[in-house]
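Descriptive analysis of the structure
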Amino acid sequence: MDAFLRSSRRFLTARPLLALWFSGLGLRLACAWFAVGFFARDDYFHVLDIALSWIDDPTFVWETSDKAGAGIRSHLLPRIVEGLLRLGSALGLETPTAKLRFIQAALGAYASLLVPATWMLTERTSERTQRIATALAAAHFVFPYVGTRLLIESAAIPPMVFGLAWIRRGQRRSTLWPFIVGGFLIGLACWLRYPIGVVGLSAAAIVAWSRRQPSGESFQIASRIAQVSAIACGAAAAIVLQGLCDQLTVGEFLGPLRRNIEANLDPHEGLTSSHPLSYLGLWVALTAPPLSVIAIPAMFKAGRREPIIAIPWIAFVLFHSLVPHKEERFMI
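Counting restarts for each chain, with residues numbered from 1 along the sequence as it is written. Only residues with pLDDT of 70 or above have their local features reported here, since the model is predicted, and side-chain atom pairs are shown and tallied only from 80 upward, although totals for entire chains, interfaces and linings are computed over all residues. Values reported for side chains reflect all heavy atoms of the structure, with hydrogen atoms and water molecules removed beforehand.

All right, on to unusual backbone geometry then. Positive phi is not limited to glycine here, since arginine 124 has a value of about 75 degrees. Along the chain, the position of arginine 124 falls in the loop between helix H6 (114-121) and helix H7 (127-139). Unusually for a residue other than glycine, leucine 254 sits at a positive phi of about 60 degrees. Strands here mean DSSP runs of E at least two residues long; helices mean DSSP runs of H or I at least four residues long; both are numbered from the N terminus.

For helices, the fitted line uses only the C-alpha atoms of the stretch in contact; every axis is such a line through C-alpha atoms, and the angle between N-to-C directions lies from 0 to 180 degrees. The contact between helix H2 (residues 16-34) and H7 brings their axes to 8 Å, and the two run at 20 degrees. Accordingly, the angle class assigned to the pair H2 and H7 is roughly parallel. Here H2 and H7 pass one another in a crossing that is right-handed. Along its contact with H2, which presents Pro16, Leu17, Leu20, Gly24, Leu27 and Arg28, the element H7 presents Arg131, Thr134, Ala135, Ala137, Ala138 and Ala139. Orientation categories follow fixed angle ranges, with anything under 35 degrees roughly parallel, anything over 145 roughly antiparallel, 65 to 115 roughly perpendicular, and all other angles oblique. In this scheme the handedness of a crossing depends on how the near helix is turned from the far one: anticlockwise by less than a right angle means left-handed, clockwise means right-handed. Throughout, a residue-residue contact means that at least one pair of heavy atoms, one from each residue, lies within 4.5 Å.

This part takes up the confidence of the model for the chain. How sure the predictor is of each residue is captured by pLDDT, a score from 0 to 100. Mean pLDDT over the chain: 89, with 93% of residues reaching 70 or higher. Per-element confidence in the chain is highest for helix H5 (residues 96-111), whose mean pLDDT is 98, and lowest for helix H1 (residues 2-14), whose mean pLDDT is 57.

Let's shift gears to the side chain of glutamate 82. By the element assignment, glutamate 82 lies in helix H4 (residues 76-90). We classify glutamate 82 as buried; its relative accessible area is 9%. Buried, partly exposed and exposed residues are distinguished by accessible area as a fraction of the type maximum, computed with a 1.4 Å probe on protein chains only: under 20%, between the cut-offs, and over 50%, respectively.

Disulfide assignment relies on a single distance test, namely cysteine sulfur atoms paired within 2.5 Å. Following the criterion strictly, the structure yields 0 disulfides and no others. The thiol of cysteine 233 is not disulfide-bonded; the next cysteine sulfur, from cysteine 190, is found 16 Å away.

Looking now at the side chain of histidine 46. Tracing the backbone shows histidine 46 in helix H3 (residues 41-56). Here histidine 46 falls in the buried class, since its relative accessible area comes to 11%. Polar contacts involving the side chain of histidine 46 include one to the side chain of arginine 73, which spans 2.8 Å. Any pair of nitrogen or oxygen atoms within 3.5 Å is treated as a polar contact; in protein, a donor-acceptor pairing is required on top of that, and neighbouring residues in sequence qualify only through side-chain atoms on both sides.

It is worth spelling out the packing of aromatic side chains at this point. The pairing test for Phe, Tyr and Trp rings, Trp by its six-membered ring, is centres within 6.5 Å, and the orientation test on the planes gives stacked under 30 degrees, edge-to-face over 60, and tilted for anything in between. Scanning the entire structure with this criterion turns up 4 aromatic pairs. Here phenylalanine 39 and tyrosine 145 contribute two aromatic rings whose centre-to-centre distance is 6.2 Å and whose plane-to-plane angle is 55 degrees, an arrangement assigned as tilted. Residue phenylalanine 39 is located in the loop between H2 and H3, and its partner tyrosine 145 is located in helix H8 (residues 142-146); the two are separated by 106 residues in the primary sequence. In this structure tyrosine 145 comes out as partly exposed when scored by relative accessible area, which is 28%. Ring centres of tryptophan 54 and tryptophan 62 lie 6.2 Å apart, and the angle between their planes is 85 degrees; on these two criteria the pair is classed as edge-to-face. Tryptophan 62 carries the same exposure label as tryptophan 54, and that label is buried. A connected cluster of aromatic rings, assembled from ring pairs, spans Phe38, Tyr44 and Phe45. The ring of tryptophan 166 carries the charged tip of arginine 169 above its face, separated from the ring centre by 5.1 Å. In this arrangement the basic side chain of arginine 193 is found over the ring face of phenylalanine 330, its NZ or CZ atom lying 4.3 Å from the centre. Comment: the charge-over-ring label is applied if NZ (Lys) or CZ (Arg) is within 6 Å of the ring centre and within 35 degrees of the ring normal.

This is the structure:
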């Protein structure tokens, strides 16, 4: 046993990514077991309630019902949860608590992909920076908990971060494939949470204005156009895939996406709204001044060094500040 433990420690020390990934996975599975429940009302009403409705009645039509999210939500996440419920029943899970733990464990395992995504995103930084960032992705108290929730925000995180990582890798290579893959992954994230399109547009703008070239030669306008076009092609492929799924499920190409945008542009009276400064003010409050004030110079330095990470985040915060309907869970 001692020999096994020593060899395991040597293995994990030699492979820090696996050590951090296993740690993050363990924390998420622990949250799935001990923290059974929901983060926000949308966990239940927009996902689990719909999945249960399909199980109770296979002819249930979400779009024509009076259920929450009818007509403005993609079927993707509720259908995945429906599949997990059916799998749980096939495995002999009978109680609602057991089934919910099973769903949360599956979502947590998927959410742990944030750990290798962060490792990839921070490659070419210092070893210390990479390990600290990946450790935060694995163990920061927010990520293990929300990674097990039935939230579109949580589900969108892994493809978004992987997408940025591939685009960042493409900036240092002479091939267009990393940009195509990055655009496709961010497009998948948009399928779950369409405002992430702001992240994709920001990343494309950074690529368009970047002077960084893999081989060190002067950056030609043709190269910029090709790289941005590659991102757009990848994103377009993901959007078409979403539209085809919508066509099969609701009978309308990108219908839920269009109606969701329309609903947010003209929200009904029951939907909360607030002033833009209220959202920015909450961000400032959550960053715990005066410590954040002390860290501002380092944050600016880091942001200038890695704009592909900093600028999309800033754009996302500003976009959500301008949208009237705001919820704290959007910050995830």
